[in-house]
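Coordinate analysis (summary)
Okay, here's what each chain looks like letter by letter:
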Amino acid sequence: MGFTPERHRLFILFFVIFLSEGYFRWVEAQHCVWYGECEKSGKKYNCNYTGPPVPLPSEGYELLTELCPGLDYGNRSLCCNVDQLNTLKGSLQLPLQFLSRCPSCFFNLMTLFCELTCSPHQSQFMNSTKFNGTSVVEVTYYIGNTFTNAMYNACQDVQLPSSNAKALSMLCGKDAKDCNATNWIEYMFTTKNGQAPFDIKPVFSDVPVSTYTPMNNETYACTEGLEDGSGPCSCQDCANACGPEPIPPSPPPPWTILGMDAMYVIMWISYVAFLLIFIGAVLGAWCYRKRTILSEYGPILDSNNPLSLNSDNPNQANATCCETLGERFENVLRTFFSWWGSFCVRHPAAVILASMVLVIAASSGLVYMRITTDPVDLWSSPSSQARQEKDYFDQHFGPFFRTTQLIITTPINDTFIYSPYFGGSDVPFKAILFKDILHQVLDLQLNIQNLEATYEGQKVTLKDICLAPLAPYNDNCTILSILNYFQNSHAVLDHSMGDAFFIYADYHSHFLYCVSAPASLNDTTLLHDPCLGTFGGPVFPWLALGGYDGTNYNNATTLVITFPLNNYLNDPEKLNRALAWEKEFISFMKNYSNPNLTIAFSTERSIEDEIDRESNSDISTIVISYAIMFIYISLALGHIQSLRGFMVDSKISLGIAGILIVLTSVCSSLGIFSYAGIPLTLIVIEVIPFLVLAVGVDNVFIIVQTYQRDERMPHEELHQQIGRILGDIAPSLFLSSFSETVAFFLGALSNMPAVRTFSLFAGLAVFIDFLLQISCFVSLLGLDAKRQEENRLDICCCTKLREGQEVKTEGFLFCFFKKIYAPLILTDCVRPVIVAVFVGMLSFSIAVINKVDIGLDQKLSMPDDSYVLDYFNNLTEYLHTGAPVYFVVEDGLNYSSPEGQNSVCGGVGCNNDSLVQQVYAASLISNYTTIASTPSSWLDDYFDWVKPQSTCCRYYNESGTFCNASVVNSSCVSCRPMTQSGKQRPVGEDFMRFLPMFLSDNPNAKCGKGGHAAYATAVDLCPNDTAVGATHFMTYHTILKESPDYIEALKMARTLASNISQSIDHKVFAYSVFYVFYEQYLTIAYDTALNLGVSLGAIFVVTTVLLGFEVWSAAMVSITIAMILVNMFGVMWLWSISLNAVSLVNLVMSCGIAVEFCSHIVRAFSISVKKNRVERAEEALAHMGSSVFSGITLTKFGGIIILAFSKSQIFQVFYFRMYLAMVLLGATHGLIFLPVLLSYIGPSVNKAKVFAANQRHVGTEKEHLLNY
């Protein structure tokens, strides 16, 4: 059906009317709300204007393109002029600097403000509601919810590289987690933020409100690029661009069998299996013996067998080649030591004088002695990775600052509920944040700031040594304290706004704002006070508060005040000034008292001071310990025959001489190494005398007691008797001493300085002690024997006792071992029980060896009464953030190239596996990686700073020098042109041209990206600023409480640094101040196994050679020592002794002491000619066991007990407990288990030695050392 003419005319009429209405509505939409600027009371407002849009002058085209690049307004008829565009540019400088790193976010934000300021369609979504004359002082802005949410979603993840925080925390007036789409816009539009010139009331809706259609322009998601070629936002600034959040690997499940610890199960099964096999073997051997006994009087072995030890003619035995070689080697040693002993007795003056000369010459090196107390030198090898990385960091960025810190709590248990005047939830404030408490803390802080120390007659104040990042422009010290939110001023703390009825804003509201935006220069309350510290930097709440939950800083129960002081690597004069101020601070704090404050404090020097004090306080304990041992030695050496002859038979003077020889051997060792320039450590001074005393005294007892038990042969003179005795026992002394010396010297191969130094000094001291004992002490023994034979008194040797008949008797201890103890433990019914018990101990120790804790609780290094203990406890209990960690990019990376930049940065266009991106990804799983936050990135901030849209980077046109953003001067021009290439990152010469300006720029209200405060020490520029050298990117570890936490943090940081190095193909390492102390624990298990394994190997080899190539005898020694060491680990687990350098030194020492307990018994067993193993073991135990027991066990036991009363926790744990364990385990294994083991599987008798012994004693009474 077609149109009739009437209908056609009617349609045309309606169409014209429709077009007319649309035209009029369009014309109405084209009118403005304002145009131009009107100044009122010194403030700039937009002028009221309801006319049509006005064409923009041509000089504003470039500015419009810069600010609103994506908006096309057709003929450029707008509701703003050039002045308004310039004002818009100035007011958006901070958002530009903080958000432009994410192009889509910043584009959406600029759309919001460009539409507000210039849109020709203003009247559609804006309404002027208040006027002041011709000025518009309030408008209502209708904004679509869709646009609002999209803009917020694009911006919510954008980071502030310099502060490890989200940008919205600076732009939303509250913590980023509390910011949302609407309150962010409300904050930007209110005059309360201190930036907006008038109030803008936003109304959010996606549907028309009254006659207004909300602004709902197109937005870009942070995962989208812009039409101008800008890429999507980086993963760091856009969570949606990251893909799935990394998932930490699950911890390995515990190793279990049937739900029980696998090691327990395995060792229990192994132990049961051993018992069954052992009991079966014992029963089988018993049955076999029963069957082979022919009669009550029949021999066990055939006496006519030429190999029988019971043969009447042992000469018939055919010795093997090794047995013959061993006998000849033994004979050489015996002959040499017999001659040497005879010589020493015959020429005592010459031997003693020569010994004294050599000792004095060696000990004179002590004048060059240096004692190392620097913890870094004590625990970290100069060649270790951590030490080299520390040296690299110190060389390129300066040493890590010295820390003086207070942790303040209050005994007041109260809570104040703060109700914000302008609405909002009630906020509880703990007592530590009460105003009167804060005033008291501020008084304390100001007193500390005013402290004056004296160094060499000159005053030293905090300002002389503190870290002032903006010096010389701002010389205020960095003080990380929430009182810096109040400018360290009582007046600012008391600042409030209100009337007679209400308080609108006070310190509560300011505090709540500042913990959300610590870098703000103007809070949003009516106070308008700055949050930025007086030193020019922010005070992050997680560094200045403790004891809170989540990010509810108002719940904090602890204030943390930190004074970072400059550290001086190669300037002892300045370092001593800092030390003097720290000493004054400690003295002040010890005398400070306030009933409302509980304060724990520490300085950089505190730990070293307390260790020194601890060492001095323990001198009395050590002196008493050694005095007890000296008294025992002096009295126990004598073999008193009768009360009348007490002073004749006593060996007090000889005992004192033996002790002096031990001490002089220690002094000689220290002196020789001091000549070589090797510094001592406290471990060396405290441990080596104990070790050498154990070894030396044992040798002294063996020499003296063997002489006392010996009967002089007919026609034998004294020098011949002592020579013969020395020939018999010196090989045993040489065996033990040389084994220990070699073991210790091989232990010096360790990379751990404490272990290496101890091993060197100990090895030399033990060997010097042996040389002095077989020379000087033998001469003294000869003199003392002559004195005794002449019936002269001990000590008062000029007094001679009247001759009397004395009957020579055996000592009580020797008789006990010979007649009671040795026969008892070697009976057939006791021996299996002993084996079962000791193998059970071994099985248990193996089961728990992997459960020994690794590390050193730093609290143990402090005295019981140390103020630092309170600090350590509070540090663990209250603090929420760990130590800073720096990811250092070594020099050589080309930052001027896009490839080099993309491999490191974290903004738009950066690689997904760049350094910043990888650290950021690690921070997302901080519970696993221990990386707490995104790193501060100087490179990303530099890119934002240098953008032409920003007012940060400018220079004087005439001179080319830097022009700060706060300077108003027409000759200051932007560093880069507002062109497409100018908007790109600087590369090549441009990069290096402006970088020094960035690193010298102080942040201010117009440019918050200046890099001086945050990055001045983070970038090491090459000479003449030609290139970038080493740089670092800083973040923080999570809170670390125990040694395992620190060790894990080091491991994770190194793993992350290694991954970054591989990704960017350049060396990156992680550095934190504690790494040098905890690196040792990464390899402590391997180092322990290596050190002890090498020591055992050395003992086995030396013992094999010096026992005359008797491999099985050496194996017996090594097996027993290994059991002692394994059982030491069992004791460590039971007694909560961790594995660290101190305990490793003790383990190495216990290896040496164990030689003393074992080697003498085994050698005595190997040279015994008794008819079977049980009798040989009994003979060895009777003769050597008593000397070992009296020489080591009893000597050490008295001295060790005293250590239990030490005030030093490290003495109680690592010396008392471990020394007691090593003496008891050594004694029980050497005097109980080893004889039983030898009685079962000891080496067969050396036939060549038997033959030689018989030949040697032909025609004599066959009395020798080992005969009953």
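Notes on the structure in this doc start here. Being a predicted model, the structure only gives us computed values, none of them experimental. (Residues numbered from 1 in each chain as written. Predicted model: local features only at pLDDT ≥ 70, side-chain atom pairs only at ≥ 80, totals over all residues. Heavy atoms only, no water.)

Relative to the assigned elements, Phe630 resides in helix α22 (residues 619-636). Along the sequence, Phe630 and Ile656 sit 26 residues apart, while their C-alpha atoms lie 7.3 Å from each other. Those residues in contact with Phe630 that sit more than four places away from it in its chain are Ile659, Leu663 and Leu693. (Helix = DSSP H or I, 4+ residues; strand = E, 2+ residues; numbered from the N terminus. Contact = heavy atoms within 4.5 Å.)

Here the focus is the sheet that holds strand β20 (residues 545-546). Taking strand neighbours across the sheet as the criterion, the four strands line up as β20-β21-β13-β22 in an open arrangement whose pairing is antiparallel. Of all the strands in the sheet, just β20 and β22 (598-602) have a single pairing partner and so form its edges. Direction of pairing for β20 relative to strand β21 (residues 558-565): antiparallel, over a ladder of two bridges. Bridge assignment links Gly546 to a residue of β21, and that residue is Thr558. Against the sheet, helix α15 (residues 435-449) contacts β13 (402-409), β21 and β22, and its axis sits at roughly 15° relative to β21. This element, helix α20 (residues 572-591), spans β13, β21 and β22 of the sheet and lies at about 15° to β13. (Pairing = 2+ DSSP bridges. Axes fitted to C-alpha atoms, helices over the stretch in contact; angles between N-to-C directions.)

In this structure, Phe887 and Trp945 are the most contacted members of the largest nonpolar core, which totals 203 residues. In terms of residue count, the dominant contributor to this core is helix α43 (residues 1209-1241) (20 residues). A domain-level breakdown of this core finds at least three residues from each of domain 3 (333-368 + 638-794 + 812-850 + 1083-1267) and domain 5 (880-1038 + 1040-1077). One finds Phe397, Tyr418, Phe429 and Ile561 within the second-largest nonpolar core, a separate group that totals 83 residues. (Core = buried A, V, L, I, M, F, W, Y, C linked by side-chain atoms within 4.5 Å. Buried < 20%, exposed > 50% of the residue type's maximum accessible area, 1.4 Å probe, protein only. Domains from an automatic or database assignment.)

What follows covers the pairing of strand β6 (residues 135-143). With eight of nine residues buried, β6 lies mostly within the body of the structure. For strand β2 (residues 43-48) and β6, the ladder comprises two bridges, and the chain directions are antiparallel. When the sheet's bridge partners are listed, Cys47 is paired in β6 with Ser135. With six bridges joining them, strand β5 (residues 126-132) and β6 adopt antiparallel strand pairing. Paired with Asn132 across the strands is Ser135, a residue of β6. Connecting β5 to the next strand, β6, in antiparallel fashion are two residues, including Gly133 with a positive phi near 70°.

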